[in-house]
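Structural overview
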There are 4 protein chains.
Amino acid sequence: MLYCARAFADGGDTVTLAGFDRLQSTGDLAFADYYTALSNADIAVLPVAPLTGEFLNAPFAKEPVRFSVIEKLIGEKPLFSGMSERLPADRLNIYDYSKREDFFVGNAVLTAEGALEAAIGEYEGSIYGAKVLVCGYGRIGKALSHMLYSLHADVTVAARKESDRAWIKAAGMKAVDYSFIEKYSYDLIFNTVPSMVLDRRALRQIAGGAIIFDLASSPGGVDFDYAREEGILTLHLLSLPGKRSPQAAGRLIKETIMKIWEET
Amino acid sequence: MLYCARAFADGGDTVTLAGFDRLQSTGDLAFADYYTALSNADIAVLPVAPLTGEFLNAPFAKEPVRFSVIEKLIGEKPLFSGMSERLPADRLNIYDYSKREDFFVGNAVLTAEGALEAAIGEYEGSIYGAKVLVCGYGRIGKALSHMLYSLHADVTVAARKESDRAWIKAAGMKAVDYSFIEKYSYDLIFNTVPSMVLDRRALRQIAGGAIIFDLASSPGGVDFDYAREEGILTLHLLSLPGKRSPQAAGRLIKETIMKIWEET
Amino acid sequence: MLYCARAFADGGDTVTLAGFDRLQSTGDLAFADYYTALSNADIAVLPVAPLTGEFLNAPFAKEPVRFSVIEKLIGEKPLFSGMSERLPADRLNIYDYSKREDFFVGNAVLTAEGALEAAIGEYEGSIYGAKVLVCGYGRIGKALSHMLYSLHADVTVAARKESDRAWIKAAGMKAVDYSFIEKYSYDLIFNTVPSMVLDRRALRQIAGGAIIFDLASSPGGVDFDYAREEGILTLHLLSLPGKRSPQAAGRLIKETIMKIWEET
Amino acid sequence: MLYCARAFADGGDTVTLAGFDRLQSTGDLAFADYYTALSNADIAVLPVAPLTGEFLNAPFAKEPVRFSVIEKLIGEKPLFSGMSERLPADRLNIYDYSKREDFFVGNAVLTAEGALEAAIGEYEGSIYGAKVLVCGYGRIGKALSHMLYSLHADVTVAARKESDRAWIKAAGMKAVDYSFIEKYSYDLIFNTVPSMVLDRRALRQIAGGAIIFDLASSPGGVDFDYAREEGILTLHLLSLPGKRSPQAAGRLIKETIMKIWEET
């Protein structure tokens, strides 16, 4: 979110950060208490995950503050937040930037790049020519499979929908469903599906010798216990954009907010 | 080289490793002393960098052995080595696998993947849309620039030859020479040229805000002192294939040797 | 459909063609009258457009035959046809191959290739670097825009949905909506939308100097009258797969039928 | 060359065309006789193929003129021409635009696009998935093979040099040499090599069922007689840029001349 603030500042807006007490002020970004910051502001911006329980998600703040306090201070001003379904429903002026497609797609690209980095780092072979399986052809699966394909990996994508499989093949890759009837030896497996698609039956068919990267939110889509028993190296990569590319993630939030602003 | 041995074993050949005393034997790879190993062998394989001074380059051996000893043991058997110019010239049967184009190209791909990994890790933005400069359009420059372009970075390649610049543009990228007359702001700069192309004059024009990755062999092509003074983050990435993708590097050596064998 | 028959024959099935009286038999494809052909057959295959009014669509037949006659002869055998909504509804055993996604996608690829051929032929410049606008990001728009992009055209795609525009940009191309507020000069414009998106207002903004290719089914999506008045070269390309790539179109029908067969 | 003239005019230069008597003047391009045109001009531009025997290559002129006449009129002014080796050698001020790499590469792209158009038109299948052989990895072979690969054809490139084959494989395609030891069935074969690489022995191995496009200058690289005997469809495509993309070809000449001008 620091990067988000910087992106706004770079665009010429006046930015005040609140809830960052434990950091020192950096030149063009002003820091203040919640009251001051929100009094001066025209709009308020909350993080992608705005709450921790009943408190504002502000890890750099000196002490936690209940969201009900912040809510009163925001009043009727436009509030931009992620995951707005977690906020109390009586606010009138909430704009959820995390539900917009360009936000999803932007994050999918960042997640895919982070997964690519992890793969090159962990895998001792080359992506070029590697036999790769990507489970899922949603946003992350799409971004990632195309990236791997363009690096000349031998990519297979597992997708549930017949239509997705048609497009996967049209893009030059192989398509399968989740039955994993055929035994096959992949070098790298990426899961993007937030449900147990790589259960022990599937792992028995395809996971011998592979490294598995689970990109789906907790609890993921891989039977980690079975993998551990069988000695299959499995990495659960969470929150990749925020961890790997905070600058890009922050800019993405800022640009999504700007688009919402222009459209209203 | 362990991976190289495994690649040969996987292909059905009998492999004996010598000079790896400090490692335990793993099932299908036999370990022995130099005399035994070389007596039984039809061919001998040395590492890419075969010597450390007058001694065989064998970091896992209990004690260093002079190459002259090894030379006598090899006798007239075919010897496959890298950098053969460093070996004494009276050997008749040296085949240098490191001078073959498929070896160069294979290593270029591995180096480029390693550079990509470093870039995604160090850079807090996304490769997608990043303004990237690649200096050099030799093997590594070519492999790397095309990789970055396929990940939708905004790629400019600096090349000395007019013909290279024509092909860079035909591939959809921008091409410049090394004069760097125009001031320009790149996010990422990769150097692949083993001579000082990014001197302080060049760095003043283009390096503000960028992260620089030098992939050229020591001493590289960047004025590191000036970079340090100016607070420009610079990473000198050496021996990427061996460090990042030992399995692929080993297989590449084995396959190059096989090709030489088939052709003679 | 001749190619479809050949594809079945190549796959080992016995094929009898009926309604092709005006052609001579070719070795491995048997020709017969409707009664004989349908008596011997296990399944019946009709064209993508099965009817011409009340008659079977059989341009090579000696004389037209009412579909009601054919219907009785088919009886209860599985019938594979395109556009089944045009057939009388009391048949129980109709499988419509033209509604499957792989058929749609396959045809989209063929249509896009045909459009590419027309563009290279008509346009006196090179696709490389040409400023291209593709209207629509449905199946044909997607296939075509990606093709042009990979040939290094400067591609903009007009799409109605925000989510489509996000993915267009993720793929490295530009995205706009149909308001065409900005005046812009394209070299080539392709329409894939079956409604009037390129009306005279739009044409005034963007069509100066361009060649327009309308790929949408009649009546298309371009104000042809206005284009003619203004001297804008416009081509309405219909039924491209059947005209340009009958072999691929026929094989696609056969493979779609095989997939339906395997799934039931 | 008309397009070349227009390109210069669009760039703000004053253009006078001589030797185009049989065409009417078009607004911004002035037509005149050789004497007037060359007197007023600072530079002279000749076609890619400047001569027809001893005469200037001017198909639109009323009557042919000997080059010696033109030569005197040009005097000492800079002369830009293609194929300058065909011009008398005593001229001091000849700049040959056809020997520059960007001209070669530009023409390679135009030739490749023309070949692609011919292939889509002649071949009744789809380029997607077609088994294609490209002979030669020079400029045209490189441009064409990459184009076909990006359209998802199954591309094999025959190249003489080991280094070329290494890069062909690095780009994701298959590489072979010209021995054609293995019998293989291609759908499309493109030759770019100006010597007999597809002799009858080769054709017997690989040409069954294929369409052959010869892009090499006369006499080409295919045994046309044998092809005709065997009923193999063969097309000899010559001068593609000038025929298919005269506008792009003309602009390319103009831009190449501008670059030469800037460099001197």
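Residues numbered from 1 in each chain as written. Chains lettered and ligands numbered in written order. Predicted model: local features only at pLDDT ≥ 70, side-chain atom pairs only at ≥ 80, totals over all residues. Heavy atoms only, no water.

Moving on: the relation of the copies chain B and chain A. Note on the chain copies: they are related by a rotation about an axis and a translation along it. The operation relating chain B to chain A is a screw motion whose rotation component is 180 degrees, with 0.0 Å of axial translation and a residual RMSD of 0.0 Å. Taken together, the rotation angle and the small translation identify this as a two-fold axis. Ranked by how close their C-alpha atoms come to the rotation axis, the residues of chain B are headed by B:Glu117, at 2.4 Å. Counting the interface residues of chain B, we find that 100% of their copies in chain A are interface residues as well, pointing to one common contact surface. (Least-squares fit on C-alpha atoms with pLDDT ≥ 70 in both. Contact = heavy atoms within 4.5 Å.)

This brings us to the packing of aromatic side chains. Counted by the stated rule, this structure contains 24 aromatic pairs over all chains. Pairing C:Tyr178 with C:Phe180 gives two aromatic rings, centres 6.3 Å apart and planes at 85 degrees, and the pair type is edge-to-face. Judged by its relative accessible area of 6%, C:Phe180 is buried. Ring pairing ties together the aromatic residues A:Phe80, A:Tyr95 and A:Trp261, which thus form one cluster. Against the face of B:Tyr184 rests B:Lys131, its NZ or CZ located 5.9 Å from the ring centre. A cation sits over an aromatic face here: C:Arg139 above C:Phe104, 4.0 Å from the ring centre. (Phe/Tyr/Trp six-rings, centres within 6.5 Å; stacked < 30°, edge-to-face > 60°. Buried < 20%, exposed > 50% of the residue type's maximum accessible area, 1.4 Å probe, protein only. Lys NZ or Arg CZ within 6 Å of the ring centre and 35° of its normal.)

Quick look at the pairing of strand 11 (residues 188-191) of chain A now. All names here are of chain A. Alternating residues of strand 11 divide into Leu188 and Phe190 and Ile189 and Asn191, and every residue in both groups is buried. Bridge count between strand 8 (residues 131-135) and strand 11: four bridges; the pairing is parallel. The residue of strand 11 that forms the bridge with Leu133 is Ile189. When strand 11 meets strand 12 (residues 211-214), the two strands line up parallel, connected through four bridges. Pairing of Phe190 across the sheet is with Phe213, part of strand 12. What joins strand 11 to strand 12 is helix 7 (residues 200-206), and the crossover it makes is right-handed. (Helix = DSSP H or I, 4+ residues; strand = E, 2+ residues; numbered from the N terminus. Pairing = 2+ DSSP bridges. Right-handed = clockwise from strand over helix to strand, strands pointing away.)

Right, let's talk about the interface of chain D and chain C for a bit. Facing 23 residues of chain D, the contacting portion of chain C comprises 23 residues. Considering only the surface of chain D that becomes buried against chain C, D:Glu113, D:Ile120 and D:Glu124 emerge as the three largest contributors, covering 31% of it. Across the chain D-chain C interface, the total number found is zero salt bridges. Inspection of the chain D/chain C interface yields eight residue pairs in polar contact (both at pLDDT 80 or more). Looking at the side of chain D that touches chain C, the elements with two or more residues in it are helix 4 (101-122), helix 5 (139-150) and helix 10 (246-263) of chain D. Ranked by residues supplied to the side of chain D that touches chain C, first place goes to helix 4 of chain D with eight residues. A breakdown of the residues in the side of chain D that touches chain C according to their chemical character gives twelve nonpolar, seven polar and four charged. (Buried area = accessible area lost by both parts, 1.4 Å probe. Salt bridge = Lys/Arg side-chain N within 4 Å of Asp/Glu carboxyl O. Polar contact = N/O pair within 3.5 Å; in protein donor to acceptor, adjacent residues only side chain to side chain. Nonpolar A, V, L, I, M, F, W, Y, C, P; charged D, E, K, R; others polar.)

This part is about the domain arrangement of chain A. Entries for chain A in the domain assignment read domain 1 (2-99) and domain 2 (108-242). Just the C-alpha atoms count here: the centres of domain 1 of chain A and domain 2 of chain A sit 36 Å apart. (Domains from an automatic or database assignment.)

Moving on, we get to the interface of chain B and chain A. Quoted interface sizes are often the accessible area lost when the parts come together. The interface of chain B with chain A comprises 23 residues on the first partner and 23 residues on the second. When chain B packs against chain A, the two sides together hide about 1,900 Å² of surface, and 56% of this comes from carbon and sulfur. Three residues, B:Glu113, B:Ile120 and B:Glu124, lead the burial of chain B against chain A; their summed loss comes to 32% of the area buried on that side. Our count for the chain B to chain A interface comes out at zero salt bridges.

With that out of the way, let us pick up the pattern of salt bridges. Residue and element names in this part refer to chain D. On inspection of all chains with the given rule, the structure shows 49 salt bridges over all chains. Between Lys259 and Asp102 there is a salt bridge, with its nearest N and O atoms 2.3 Å apart. Highlighted residues: Lys259 in helix 10 and Asp102 in helix 4, separated in sequence by 157 residues.

What follows covers the side chain of D:Gln247. On the secondary structure map, D:Gln247 appears in helix 10. Owing to a relative accessible area of 17%, D:Gln247 belongs among the buried residues under this scheme.

Another aspect to go through is the sheet that holds strand 3 (residues 44-45) of chain B. Residues and elements named next belong to chain B. Spatial strand order, 3-6-7: three strands in an open sheet with parallel pairing. At either end of the open sheet lies a strand with only one pairing partner, and these are strand 3 and strand 7 (94-96). Summarising the sheet, strand 3 and strand 6 (residues 79-81) pair through two bridges and their orientation is parallel. Counted as the bridge partner of Val45 is Phe80 from strand 6. Packing of helix 10 (residues 246-263) onto the sheet brings it into contact with strand 3, strand 6 and strand 7, and relative to strand 6 it is tilted by some 140 degrees. (Axes fitted to C-alpha atoms, helices over the stretch in contact; angles between N-to-C directions.)

In this section: helix 3 (residues 67-74) of chain B. Residues and elements named next belong to chain B. Among the residues of helix 3, Phe67, Ile70, Glu71 and Ile74 are the ones counted as buried. For helix 3, the angular spread of buried residues about the axis comes to 105 degrees, placing them on one side. Contact partners of the buried residues in helix 3: helix 2 (34-40), strand 3, strand 4 (51-52), strand 5 (55-56) and strand 6. (Arc of directions from axis to C-beta.)

Moving on, we get to unusual backbone geometry. A cis amide bond links B:Ser218 with the next residue in sequence, B:Pro219, at an omega value of 0 degrees. Considering the arrangement of structural elements, one finds B:Pro219 in the loop between strand 12 (211-214) and helix 8 (224-230). Although it is not a glycine, A:Met83 adopts a positive phi angle of roughly 40 degrees. Tracing the backbone shows A:Met83 in the loop between strand 6 (79-81) and strand 7 (94-96).

A few words on the packing of helix 4 (residues 101-122) of chain C against helix 5 (residues 139-150) of chain C. All names here are of chain C. Between helix 4 and helix 5, the shortest axis-to-axis distance is 8 Å and the interhelical angle comes to 45 degrees. Relative to helix 5, the element helix 4 lies oblique. The two elements helix 4 and helix 5 meet at a crossing, and its hand is right-handed. Residues Glu101, Phe104, Val105, Ala108, Val109, Thr111, Ala112, Glu113, Ala115 and Leu116 of helix 4 pack against Arg139, Ile140, Ala143, Leu144, Met147 and Leu148 of helix 5. Residues that form the contact of helix 4 with helix 5 fall into these classes: twelve nonpolar, one polar and three charged. (Parallel < 35°, antiparallel > 145°, perpendicular 65-115°, else oblique. Left-handed = near helix turned anticlockwise from the far one by under 90°.)

Turning next to the packing of helix 4 (residues 101-122) of chain A against helix 4 (residues 101-122) of chain B. Relative to each other, helix 4 of chain A and helix 4 of chain B sit at 130 degrees, their axes nearing to 9 Å. Here helix 4 of chain A lies oblique to helix 4 of chain B, going by the angle between them. Helix 4 of chain B is crossed by helix 4 of chain A, and the crossing has left-handed handedness. On the side of helix 4 of chain A, the interface is formed by A:Glu113, A:Gly114, A:Leu116, A:Glu117, A:Ile120 and A:Gly121, while helix 4 of chain B contributes B:Glu113, B:Gly114, B:Leu116, B:Glu117, B:Ile120 and B:Gly121. Partitioning the contact of helix 4 of chain A with helix 4 of chain B into residue classes produces four nonpolar, four polar and four charged.

Moving on to helix 4 of chain B. Relative to the 32 Å expected for 22 residues at 1.5 Å per residue, helix 4 of chain B spans 31 Å between its end C-alpha atoms, a close match to the ideal helical length. With 19 of its 22 residues buried, helix 4 of chain B lies for the most part within the structure. (Expected span 1.5 Å × (residues − 1).)

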